[in-house]
Amino acid sequence: MGRIRLLPEIVASQVAAGEVVERPASVVKELIENSLDAGAEKIDIIIRRGGISLVRVIDDGCGMDRDDALLSLERHATSKIRSAADLQAVATLGFRGEALPSIASVSRFRLTTRETDAIAGTEIIINGGKLEVARDGGEAPGTQVEVRSLFYNLPARRKFLRSENTESRNIEHQIHLQAIGHPQIAFSLLRDDRVLFRLPSAATLGDRIRDLYGTELLERLVEVNSTPSRKSRISGFIGQAGLSRQTKAQQLIFVNGRAIESSLITAAVREGYHTALMKGQYPVTFLFLELDPATVDVNVHPAKREVRFRDPNGVREEIVRCIQETLQGRRAEWQEKFRAPISSQATVAGKAAPDLMLRPGVSVPEESHRALPHLTPEATYHVIAGVTRARAVVPGESVQPDKPPGRAPAKRDSNQHQFNIIGVLSKLYVLMENADGLVLVDQHAAHERILFEELRRRMEEYGVPTQKLLLPQTFDVPPRDADWIERNLSILQKMGIGIESFGPDTFKIDSVPSFLNVSDPAQFMRKVIDDLKSAGNSASAMRLGEEMIAKSVCRHAVKANDPLRYPEVEKLIRDLLDCDLPYCCPHGRPTMIQISLAELEKKFGRKV
Ligand code: ADP
Ligand code: MG
């Protein structure tokens, strides 16, 4: 008896603080969220020594009267929800009523606040959870929260803090998230008495991105175009194909205005980029997802960093589709630059320029070159089927028939493209001009992209060529994977994997796609299952095929040092411009770099 007792209020708050307040950046996050919920239009943040010695957040929001100010520091005191039912449709960033008391229990805390029309404001001082002062104070309308000496009374927690620099960077990231999430709100950050940024209220998300990260980044982003569905709306900006980062720092995702971390969404984004993202790199996203609040549970994590979706598959699919459409939508814009007539011969900066244009044939030597392996339908087919014929096949057993396809794929009209080829630099970069200025094309990357799309089209039409195994193999998988294979048998077969059930949790595999050199079918299958599972339902039968082509295409494409004849260079460019994703190779590297006349004029000081 007597072993169980209620914790004193202060201790309970400190325990809760362990979850809500991990580090100075979490204090900044909670305080900014409160300011936003209070309708602030301007939020100023001041930090000192990584926020460990001081965090101060000043807003011009609605403020609080004396009673509310005192109440706001009690645990589970909130103005934002009233009943559990309200959790179904939380429209504010806060709702748990935990942040202020938690922060106050682990710091030297001072709150001053005044409602707009009130004559006097209120000042409250709390040290380590203990109320020291509550009195009138005459500050400007709004609320100011000052948090000093974080974790001064919890030395064990304080030890877990990182260097001041790291903590500062975490805080900056947190403010970036909030600033991107709320472009119309003005933000400023003062770090150790230095102004790090002052962001005016921005009219659009694009303006805010430019103010925070510069025009250069904005120019490499594509505005998300997605038809809103009944269930959701996706908006924002994402990096164009070929733009990526080594860290996740610029992968920002918001659900109903709340910055969140979601492995489901990041995986979906990755899947959407697929061949447009370099391996091991991270995409740049400023992605806003709006869903019916009743279909998202925001009350999963005390710091509200994670959410749970009622229909995770639906969300995943919408995002994959939206990213794909957005990346391809960029194509029209590129096409424009190759459709308009080239005017460079007319005037540069108003003056007639002498005709220095080289004739195409002059700059690209006619001698000593290799012909570009054109992809006639037959040739294409052989690239796919070639591996099949080259490898051991049991006599009498037929692989996919080696007949050339009957019909060439529909060719888009590429004659409208306007460009002048100037020459080839270093046997690799095609130099040309279009309406916008100078274009550099990596001939190897370009050819990879062309081959990739061509082969993919063929595969869609004729299926994946398969290779019979000398000896069919049986293999066991864990029950969950067995269930997955059962459900996806037909997709796997379309992918060129000959697989059938062979007893509970056992399967027999007798053929594999001929692209791959599969030495261990069981291990191959495990990899396929993992890949496809993580790709989710959006994985089509073509998914595996695409990966295979992307791998093999590199070997078939013209190499950096292969000199090409002029007509071949021209054909290469025309074919490239006809691709779905002309601006990056199937490994996510850029194929073309455009340097506009305006950029050149700036560089040469003709324009400031
Ligand atoms: P929550 O935000 O989950 O409601 P908090 O502990 O963060 O819980 O805040 C408690 C309450 O204090 C809020 O519900 C709000 O009414 C009030 N409050 C906090 N910060 C501010 C602020 N900056 N301006 C006006 N009211 C505030
Ligand atoms: Mg709050």
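Bear in mind the structure is a predicted one, so any value in this text is a computation, not a measurement. (Residues numbered from 1 in each chain as written. Chains lettered and ligands numbered in written order. Predicted model: local features only at pLDDT ≥ 70, side-chain atom pairs only at ≥ 80, totals over all residues. Heavy atoms only, no water.)

## Quick word on helix H18 (residues 566-577)
For clarity, the threshold we go by: Strands here mean DSSP runs of E at least two residues long; helices mean DSSP runs of H or I at least four residues long; both are numbered from the N terminus. To estimate how far a helix should extend, the number of its residues minus one is multiplied by 1.5 Å. Relative accessibility decides the category of a residue: with a 1.4 Å probe and only protein chains considered, values under 20% of the type maximum give buried, values over 50% give exposed, and everything between is partly exposed.
The terminal C-alpha atoms of H18 lie 17 Å apart, and with twelve residues this matches the ideal 16 Å at 1.5 Å per residue to within 8%. Among the twelve residues of H18, nine are classified as buried, and the element is accordingly described as predominantly covered. Within H18, the full set of buried residues consists of Tyr566, Glu568, Val569, Leu572, Ile573, Arg574, Asp575, Leu576 and Leu577.

## Remarks on the side chain of Lys29
What counts is decided by this rule: The contact definition used throughout considers only heavy atoms, calling two residues in contact when any of these lie within 4.5 Å.
Position of Lys29 relative to the elements: it lies in helix H2 (residues 24-37). For Lys29, a relative accessible area of 8% corresponds to the buried category. Dropping the residues within four chain positions of it, Lys29 is found in contact with Gln174, Gln178, Ala303 and Lys304.

## Considerations on the pairing of strand S24 (residues 592-596)
Using the following cut-off: At least two DSSP bridges between two strands are required for those strands to pair.
With four of its five residues buried, S24 lies for the most part within the structure. Bridge count for strand S20 (residues 437-442) against S24 is five bridges, and the pairing is antiparallel. Looking at S24, one finds that Val439 is bridged to Gln594.

## Digging into the sheet that holds strand S10 (residues 232-239)
Short version of the rule: Here, axes are lines fitted to C-alpha atoms. For helices the fit covers the stretch in contact, and angles between N-to-C directions go from 0 to 180 degrees.
Ordered in space as S9-S10-S13-S11-S12, the five strands form an open sheet in which the pairing is mixed. Sheet topology places strand S9 (221-223) and strand S12 (258-259) at the edges, where each strand pairs with a single neighbour. When strand S11 (residues 251-255) meets strand S13 (residues 285-291), the two strands line up parallel, connected through five bridges. Bridged to Val255 within S13 is Leu289. Here helix H10 (residues 312-339) sits on the sheet in contact with S9, S10 and S13, set at roughly 45° to S10.

## Description of the pairing of S20
As paired strands, strand S19 (residues 429-434) and S20 are joined by six bridges and run antiparallel to one another. Each bridged residue has a counterpart across the sheet, and for Val430 the counterpart in S20 is Val441. With antiparallel pairing between neighbouring strands as the criterion, S19 and S20 make up a hairpin whose turn holds two residues.

## Some points on unusual backbone geometry
Not every positive phi belongs to a glycine, and Arg49 is a case in point at roughly 45°. Of note, Arg49 is situated in the loop between strand S1 (42-48) and strand S2 (54-59). According to the relative accessible area criterion, Arg49 is partly exposed, its value standing at 46%. The phi dihedral of Ser426 is positive, around 55°, even though this residue is not glycine. Tracing the chain through its elements places Ser426 in the loop between strand S18 (420-425) and S19.

From the geometry alone we can't say anything about function, so treat these as descriptive.
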